[in-house]
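# Overview (structure and organization)
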Amino acid sequence: MRQLILFLFLAVCFSAFGQNPNVPLRPETNKKEDQNQANKSFTYKIIPSMNGSWGYDIFKDKKKFIHQPGKPGLPGNEGFKRKSDAAKVARLVINKLKKGEMPPSVTAEEMKDLKVL
């Protein structure tokens, strides 16, 4: 019985003292980092993809940052039927990056709103 009480006492002590109150439970966004992201220069380039379709590359300060040969968030590897559709989505992704969204996910609903699906 004494061993059980000692064990429970130690377990409570370690669980209570093992938590660091200075570490937040949820990661906080770093506003300075978000501002730096927004100040970066983003550009895009339309690239050929499978079966005569189109994708895009996004560059951050002239370095390739995202390579997207297919439609984002959808199964398969085929890209967009028109270059203009790939450009619309690339611009949407750049806008998300400038707002600090990481990852800059694109939903099927957003692509429907852009009339690329």
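Residues numbered from 1 in each chain as written. Predicted model: local features only at pLDDT ≥ 70, side-chain atom pairs only at ≥ 80, totals over all residues. Heavy atoms only, no water.

## Examining the overall build of the protein chain
Summing up its helical and strand segments, the protein chain has four helices and three strands in all. Of the regular secondary structure in the protein chain, the N- to C-terminal order runs α-α-β-β-β-α-α. Counting the 117 residues in the protein chain, one finds 25% classified as buried. In the protein chain, the proportion of contacts linking residues at least 24 apart, taken out of those at least 6 apart, comes to 45%. Here the protein chain has roughly 9,000 Å² of accessible surface; of this, 56% comes from carbon and sulfur atoms. (Helix = DSSP H or I, 4+ residues; strand = E, 2+ residues; numbered from the N terminus. Buried < 20%, exposed > 50% of the residue type's maximum accessible area, 1.4 Å probe, protein only. Contact = heavy atoms within 4.5 Å. Areas by Shrake-Rupley, 256 points an atom, 1.4 Å probe, with all protein chains shown as cover.)

## Brief notes about the sheet that holds strand 3 (residues 63-68)
Across the sheet, three strands lie side by side as 1-2-3; this open sheet has antiparallel pairing. Of all the strands in the sheet, just strand 1 (42-48) and strand 3 have a single pairing partner and so form its edges. Neighbour to neighbour, the strand axes of the sheet diverge by 25° on average, direction disregarded. As defined by bridge partners, strand 2 (residues 54-60) adjoins strand 3 across five bridges and the pair is classed as antiparallel. From the neighbouring strand, K60 faces strand 3, where its bridge partner is K63. (Pairing = 2+ DSSP bridges. Axes fitted to C-alpha atoms, helices over the stretch in contact; angles between N-to-C directions.)

## Things to note about the side chain of D85
Inspection of the secondary structure puts D85 in helix 3 (residues 83-98). Other than its neighbours up to four places away in sequence, D85 contacts F80, K115 and V116.

## Remarks on helix 3
Under the 1.5 Å per step criterion, the end-to-end length of helix 3 is 23 Å for 16 residues, consistent within 8% with the ideal 22 Å. Those residues of helix 3 that sit buried are D85, A86, A87, V89, A90, L92, V93, I94, K96 and L97. (Expected span 1.5 Å × (residues − 1).)

## Remarks on the pairing of strand 1
Here seven bridges tie strand 1 to strand 2, and the two strands are oriented antiparallel to one another. Residue I46 lies in a different strand from strand 2, and its bridge partner there is Y56. From the end of strand 1 to the start of strand 2, which pair antiparallel, there are five residues, and N51 there has a positive phi angle of about 55°.

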